[in-house]
Amino acid sequence: MKGLNVKKINLGREIKYTLSSLLEWLNYLPGADRIETANYPVWSKELPEAFDGLRIAVLSDLHGHVFGKHQKRLEKAVREAKPDLILVAGDWVRFDYRGRDKRAILDAVRALTKIAPVFGNFGNHEALADHREAMAEELKAEGARILVDESLILKRTGKDGKVSSIRLTGLDTPFDYYHGHSAAKCREAFIALAGAMHSAVRQVIGSYSLDTNAWDSEAAAPEKALFSIAIAHRPELLKVYAKLGFDLVLCGHAHGGLMRLPGGKRLLAPDQGLFPAYTHGMFVKEKTRMLISEGLGGPRIMIRPQLALLTLSRDVEE
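Nothing here was measured: the structure is a model prediction, and the numbers come from that model. (Residues numbered from 1 in each chain as written. Predicted model: local features only at pLDDT ≥ 70, side-chain atom pairs only at ≥ 80, totals over all residues. Heavy atoms only, no water.)

Colleague: I tried to follow a negative patch on the surface on my own but got confused; where do I start?
Modeller: Judged by side-chain charge, E49, D52, D160 and D315 come together as a negatively charged surface patch. Of the residues examined, D52 reaches a relative accessible area of 37% and is grouped as partly exposed. (Patch = residues over 30% accessible without salt bridge, like charges linked within 9 Å, V, L, I, M, F, W, Y side chains within 5 Å. Areas by Shrake-Rupley, 256 points an atom, 1.4 Å probe, with all protein chains shown as cover. Salt bridge = Lys/Arg side-chain N within 4 Å of Asp/Glu carboxyl O. Lys, Arg positive; Asp, Glu negative; His and termini not counted. Charge placed at Lys NZ, Arg CZ, Asp CG, Glu CD. Buried < 20%, exposed > 50% of the residue type's maximum accessible area, 1.4 Å probe, protein only.)

This is the structure we're talking about:
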């Protein structure tokens, strides 16, 4: 899906982003951007034995935030989590891939790729960016791969010496899915989005070995994977992800609900409005589990930056 031209953003949207930037600076107050780690076990009988115990660090919504010189505090938090794989669920930039945002993103990727393989997708902020193609190429040169409506096969060798695989899909994030359309147009957009996702699941660009941390092939033939993971960014589309049959979906976008109210209630989320249903934590629909990260940057009040750590397991949840 092609991104929108940032020059077409209307005045109201520009005002919204200006206010967001002002609120974002609250996160630089002493202690406000201390990264917290949240642990989430994920059980599935469909998980191949070779992936039992796989640790996945899930990051989202960096929005060009700086965690110390060269992102040292971010690197420290992720390294302490000891992940086997790092997945980034979109919204790397605030407005565009240049200036402070670009430096923060490149520093983050250089730090993270020293720890584990890094894969990610684009969020709605990248849909507005003029330089997202250049960003994808530069991140690839640094060792991180952006998946835009495409899949790859992850391979790992089990204790029995058998190589097993799972599928990892990165879904693009259209910005105007709900914006400026009638109800009928929204339904049409929904159908088109689901169609694009079906194509993404089928399109396999290669296979990557977690044993060697290297590509086996950039053009591997599609193969059936017992377990499928999607990096999707937007949590309000859970019904779509469940319909497509993903086992695990990783999202961000909601910033944890922007503000934590007394009692833990969350105030607001993009594309969900007041008191949203999907802001953070794990949700289940049919066979699909969806994790929503509270994210790292962007406007937030009383919600700390979060590193979500998933541990995959074949054991049945009690």
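After that view of the structure, there is still more to cover.
Colleague: What is the right way to read unusual backbone geometry from this model?
Modeller: Glycine aside, residues mostly have negative phi angles, and peptide bonds mostly take the trans form. One non-glycine residue, H233, lies in positive phi territory at about 75 degrees. Mapped onto the secondary structure, H233 falls in strand β10 (residues 228-233). Take H233: its relative accessible area is 0%, and that puts it in the buried class. Even without being a glycine, E286 presents a positive backbone phi close to 55 degrees. (Helix = DSSP H or I, 4+ residues; strand = E, 2+ residues; numbered from the N terminus.)

Colleague: How should the packing of aromatic side chains be read in this particular structure?
Modeller: Aromatic rings considered in pairs are described by the distance between their centres and by the relative angle of their planes. According to the stated counting rule, one finds 4 aromatic pairs in the structure shown. Ring centres of Y208 and W215 lie 5.5 Å apart, and the angle between their planes is 85 degrees; this geometry places the pair in the edge-to-face category. Through a chain of ring-to-ring contacts, the aromatic side chains of F119, Y208 and W215 assemble into a single cluster. (Phe/Tyr/Trp six-rings, centres within 6.5 Å; stacked < 30°, edge-to-face > 60°.)

Colleague: It is not clear to me how helix α3 (residues 99-112) should be interpreted in this structure. Could you clarify?
Modeller: Residues separated by three or four positions in an α-helix point in the same direction, a consequence of the helix having 3.6 residues per turn. Here α3 is 14 residues long and its end C-alpha atoms lie 20 Å apart, about the 20 Å a rise of 1.5 Å per residue gives. Turning to α3, its buried residues number three or more, namely D101, A104, I105, L106, D107, A108, V109, A111 and L112. (Expected span 1.5 Å × (residues − 1).)

Colleague: Sorry, what's going on with the pairing of strand β3 (residues 85-89) here?
Modeller: Where a strand is regular, its side chains alternate between the two sheet faces. In terms of burial, β3 is largely enclosed, as 5 of its 5 residues are buried. Because side chains alternate across β3, one face comprises the buried residues L85, L87 and A89, and the other comprises I86 and V88, equally buried. Where β3 and strand β4 (residues 118-121) come together, 4 bridges link them in parallel fashion. The residue of β4 that forms the bridge with L87 is F119. With respect to chirality, the unit in which β3 leads through α3 into the neighbouring parallel β4 is right-handed. (Pairing = 2+ DSSP bridges. Right-handed = clockwise from strand over helix to strand, strands pointing away.)

Colleague: Looking at this structure, how should I read a nonpolar patch on the surface?
Modeller: Taken together, L268, L274 and F275 make up a surface patch of nonpolar side chains, about 300 Å² in accessible area. Within the fold, L268 resides in strand β12 (residues 268-269). What makes L268 partly exposed here is its relative accessible area of 33%.

Colleague: Where do I start with the sheet that holds strand β1 (residues 36-43) in this structure?
Modeller: One key point about sheets: their strands pair by backbone hydrogen bonds, in either a parallel or an antiparallel sense. Strands sit in the order β1-β16-β2-β3-β4-β5 across an open sheet of 6 strands; the sheet is mixed. In this open sheet, the two strands that pair with only one neighbour each are β1 and β5 (144-146). Going from strand to strand, the sheet's axes swing by 25 degrees on average, the running direction of each strand aside. Across 4 bridges, the pairing between strand β2 (residues 55-59) and strand β16 (residues 306-313) is antiparallel. Residue pairing in the sheet places R55 in a bridge with T311 of β16. (Axes fitted to C-alpha atoms, helices over the stretch in contact; angles between N-to-C directions.)

Colleague: Would you explain the nonpolar core in this entry?
Modeller: It is characteristic of soluble globular proteins that their nonpolar side chains tend to be buried jointly. L59, V78, I86, W92, I105, M135 and L139 are the most contacted members of the largest nonpolar core, which has 31 residues in total. Broken down by secondary-structure element, the contributors of at least two residues to this core are β2, α2 (72-81), β3, α3, α5 (132-141), β5 and β16. A total of 5 residues in this core trace back to one element, the largest contributor, which is α3. Counting residues in each nonpolar core, the second largest holds 30 residues, with L54, L87, Y208 and I229 among its members. (Core = buried A, V, L, I, M, F, W, Y, C linked by side-chain atoms within 4.5 Å.)

Colleague: It is not clear to me how the packing of α3 against α5 should be interpreted in this structure. Could you clarify?
Modeller: Where α3 meets α5, the closest approach of the two axes is 10 Å, and the angle between their N-to-C directions is 30 degrees. Taken together, the axes of α3 and α5 lie roughly parallel to each other. Read as a crossing pair, α3 and α5 show a hand that is right-handed. Where α3 abuts α5, its residues K102, I105, L106 and V109 lie against M135, E138 and L139. (Parallel < 35°, antiparallel > 145°, perpendicular 65-115°, else oblique. Left-handed = near helix turned anticlockwise from the far one by under 90°. Contact = heavy atoms within 4.5 Å.)

Colleague: How do you make sense of the environment of E294 when you look at a structure like this?
Modeller: With respect to the helices and strands, the residue E294 is situated in the loop between β15 (288-292) and β16. The exposure class of E294 is buried, given its relative accessible area of 8%. Taking C-alpha positions, E294 is 7.2 Å from T279, a pair spaced 15 residues apart along the chain. The residues touching E294, leaving out its near neighbours within four places in the chain, are H255, G256, R260, R266, H280, R300, I303, R304 and Q306. Engagement of the side chain of E294 in a polar contact is seen with the side chain of R266, the distance being 3.5 Å. (Polar contact = N/O pair within 3.5 Å; in protein donor to acceptor, adjacent residues only side chain to side chain.)

Colleague: Teacher, can you tell me more about the environment of D84 here?
Modeller: As for its position among the elements, D84 is in the loop between α2 and β3. When sequence neighbours within four positions are dropped, the list of residues in contact with D84 reads G53, L54, R55, A116, P117, R156 and L210.

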